[in-house]
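Okay, here's what each chain looks like letter by letter:
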Amino acid sequence: EPEVTQTPSHQVTQMGQEVILRCVPISNHLYFYWYRQILGQKVEFLVSFYNNEISEKSEIFDDQFSVERPDGSNFTLKIRSTKLEDSAMYFCASSGPSAGGPTGELFFGEGSRLTVL
Amino acid sequence: RKEVEQDPGPFNVPEGATVAFNCTYSNSASQSFFWYRQDCRKEPKLLMSVYSSGNEDGRFTAQLNRASQYISLLIRDSKLSDSATYLCVVNYGRGKLIFGQGTELSVKP
């Protein structure tokens, strides 16, 4: 069964450092997303991406964050100058036109746990 | 009203019990609705989509009331393996899923 893969599974970084989280969405999917979940809290939308541009972003997704699809397979989330409060599980997700596109089912990766010290 | 609000948990039930989860949402323009399941420290996984006419998948039944902006999930004949957190999820469009806080279910032998 096709799946969304994420790397690294866990990253520890010092406050102020830059972090790049990587995702390989399901190959025929066209819509890509990042969500985060702070420990003990709900899953929060960060950004959706389609046709090589951001289609929707939340208030959390400020100038500290950026996304990129550098090639035909990877989808990355860059967090500049990390803060303690950026510590969370970051989930990548994708969806495809056959499953309703951006209004249909999202398939989530297993997440990248970011710890900022 | 919160964007997506769920019953507070946890729900502790014996095997075989029927349990119901409720959810309300604030945006009447919401386009699609889902129940996801999340096991401890794992990614959310789709349990079922929720349709206006109501839908059933085995022991699970989902209902949507657009007028009341209310979603429900009924689990019959609970199994130990149903223990998880159940997330009510509303799609506000363009992939922006808004998750509820989740309701933890613990099914005991």
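As shown above, the structure is provided for reference.
Residues numbered from 1 in each chain as written. Chains lettered and ligands numbered in written order. Predicted model: local features only at pLDDT ≥ 70, side-chain atom pairs only at ≥ 80, totals over all residues. Heavy atoms only, no water.

**A word on the state of the cysteines**
- According to the stated counting rule, one finds two disulfides over all chains in the structure shown.
- Between the sulfur atoms of A:C23 and its disulfide mate A:C92 the distance is 1.9 Å. One quick way to see it: the torsion about the S-S bond of A:C23 and A:C92 is about -65°, and its sign makes the bridge left-handed. Here A:C23 is found in strand β3 (residues 19-24), whereas its partner A:C92 is found in strand β9 (residues 88-95), with 69 residues between them in sequence.
- Taking the relative accessible area as the measure of exposure, A:C92 reaches 0% and is therefore buried.
- Bridging B:C23 to B:C88, the disulfide has an S-S length of 1.9 Å. Measuring the twist about the S-S bond at about -75°, one finds the B:C23-B:C88 disulfide to be left-handed. Of the two residues, B:C23 is situated in strand β3 (residues 19-25) and B:C88 in strand β9 (residues 84-91); the sequence distance between them amounts to 65 residues.
- Take B:C23: its relative accessible area is 1%, and that puts it in the buried class.
- Residue class for B:C88 comes out buried when judged on its relative accessible area of 0%. (Disulfide = S-S within 2.5 Å. Helix = DSSP H or I, 4+ residues; strand = E, 2+ residues; numbered from the N terminus. Buried < 20%, exposed > 50% of the residue type's maximum accessible area, 1.4 Å probe, protein only.)

**Let's talk about the packing of aromatic side chains**
- Taken as a whole and assessed by the stated rule, the structure comprises 17 aromatic pairs over all chains.
- Aromatic pair A:F61 and A:F65: ring centres 5.7 Å apart, planes at 25°, arrangement stacked. A:F65 shares its class with A:F61; the two are buried.
- Among the aromatic side chains, those forming a connected cluster through ring pairs are A:Y35, A:F45, A:F91, A:F108, B:F34, B:Y36 and B:F99. (Phe/Tyr/Trp six-rings, centres within 6.5 Å; stacked < 30°, edge-to-face > 60°.)

**A closer look at the pattern of salt bridges**
Residues and elements named next belong to chain B.
- The tally for this structure, following the rule as stated, stands at six salt bridges over all chains.
- Between D82 and R59 there is a salt bridge, with its nearest N and O atoms 2.8 Å apart. Note that D82 is positioned in the loop between β8 (70-75) and β9 and R59 in the loop between β6 (55-57) and β7 (60-65), a separation of 23 residues in sequence.
- Residue class for R59 comes out partly exposed when judged on its relative accessible area of 23%.
- The partner of D77 in a salt bridge is K79, with the nearest N and O atoms 2.9 Å apart.
- What makes D77 partly exposed here is its relative accessible area of 37%.
- When its relative accessible area of 31% is taken as the criterion, K79 is described as partly exposed. (Salt bridge = Lys/Arg side-chain N within 4 Å of Asp/Glu carboxyl O.)

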